[in-house]
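This is what each chain is made of:
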Amino acid sequence: MQHKELKIVYKELALDELNAVQKNLIKLAIAATQQAYAPYSEFYVGCALQMRTGEVLSGSNQENAAYPSGLCAERTAIYHAGHTYPNGTIIEIAIAARSDKWKTENPVIPCGACMQAMIEYEKKQGSLIKLLLYGNDAKIYQLSGIKDLMPFQFELKVQPERG
Ligand code: THU
């Protein structure tokens with residue numbers, strides 16, 4: 001038996017330690033929470049994506065009376081980007097949340113399904129996507145790639161040719 005260990009490296013920062021592009025991305029993620037449709041959970045999530053070419057796209061959670069039919073902010077945003085810029089490269093994603101009912105002081109960590117969805121885009125574009133997770137006490141977690149959040153992920157690999 002072998003014991004193995006995985007280490008996740010992330011930074012905890014204050015808002016004023018970010019550069020102007022990152023501050024803007026967080027501002028847009030916070031603004032995107034206003035477009036969330038979350039009458040069931042009352043937990044409003046916003047997500048903003050920075051494309052390499054300068055464009056910024058956003059998304060928010062969209063709920064449904066049939067609960068599992070709703071979609072998280074991260075997947076709304078990333079699929080929006082995949083559709084709008086099918087050959088584009090996402091360089092950074094900011095996520096924010098607000099709620100009067102639930103605590104949002106600490107940065108919101110994307111759910112497992114959103115991690116898996118975002119990792120797919122790292123693979124598709126062949127480069128890491130940086131992540132900024134914003135908490136309302138202005139504490140920010142910064143990761144250098146989505147795959148750091150989910151080091152083990154499901155992937156389909158083509159079988160080598162059988163001869
Ligand atoms: N939600 C997100 O949009 N992103 C996350 O990372 C976690 C949860 C949404 C889903 C649902 O609309 C609400 O937050 C409460 O779970």
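Data block above holds the structure.
What you are looking at is a predicted structure, and each value in this text was computed from that prediction instead of being measured. (Residues numbered from 1 in each chain as written. Predicted model: local features only at pLDDT ≥ 70, side-chain atom pairs only at ≥ 80, totals over all residues. Heavy atoms only, no water.)

Engineer: For this particular structure, what's the right way to read helix α3 (residues 112-125)?
Structural biologist: Because an α-helix completes one turn every 3.6 residues, residues spaced three or four positions apart along the sequence face the same direction. The first and last C-alpha atoms of α3 sit 20 Å apart over 14 residues, in line with the 20 Å expected at 1.5 Å per residue. Within α3 the residues assigned to the buried category are Cys114, Met115, Ala117, Met118, Ile119, Tyr121, Glu122 and Gln125. On its buried face, α3 sits against α2 (73-84) and β4 (90-98). At the C-terminal side of α3, Gly126 shows a positive phi close to 75°. (Helix = DSSP H or I, 4+ residues; strand = E, 2+ residues; numbered from the N terminus. Expected span 1.5 Å × (residues − 1). Buried < 20%, exposed > 50% of the residue type's maximum accessible area, 1.4 Å probe, protein only. Contact = heavy atoms within 4.5 Å.)

Engineer: Is there a simple way to explain empty space enclosed by the protein in this structure?
Structural biologist: In this approach, a probe sized like a water molecule rolls over the atoms, and the result shows the empty space that is left. Under the counting rule described, the total for this entry stands at 1 cavity of 30 Å³ or more. Its volume calculated, the largest cavity comes out at about 50 Å³. Around the largest cavity, the lining residues are Met51, Ile78, Ala81, Gly82, Tyr85, Pro86, Gly88, Ile90, Tyr121, Lys124 and Gln125. Those elements that provide at least two residues to the lining of the largest cavity are α2 and α3. (1 Å grid on protein atoms, 1.4 Å probe; cavity = no way out; pocket = protein on both sides within 12 Å on 5 of 7 lines; lining within 4 Å. Points joined across faces, edges and corners; volume = space filled by probe spheres on them.)

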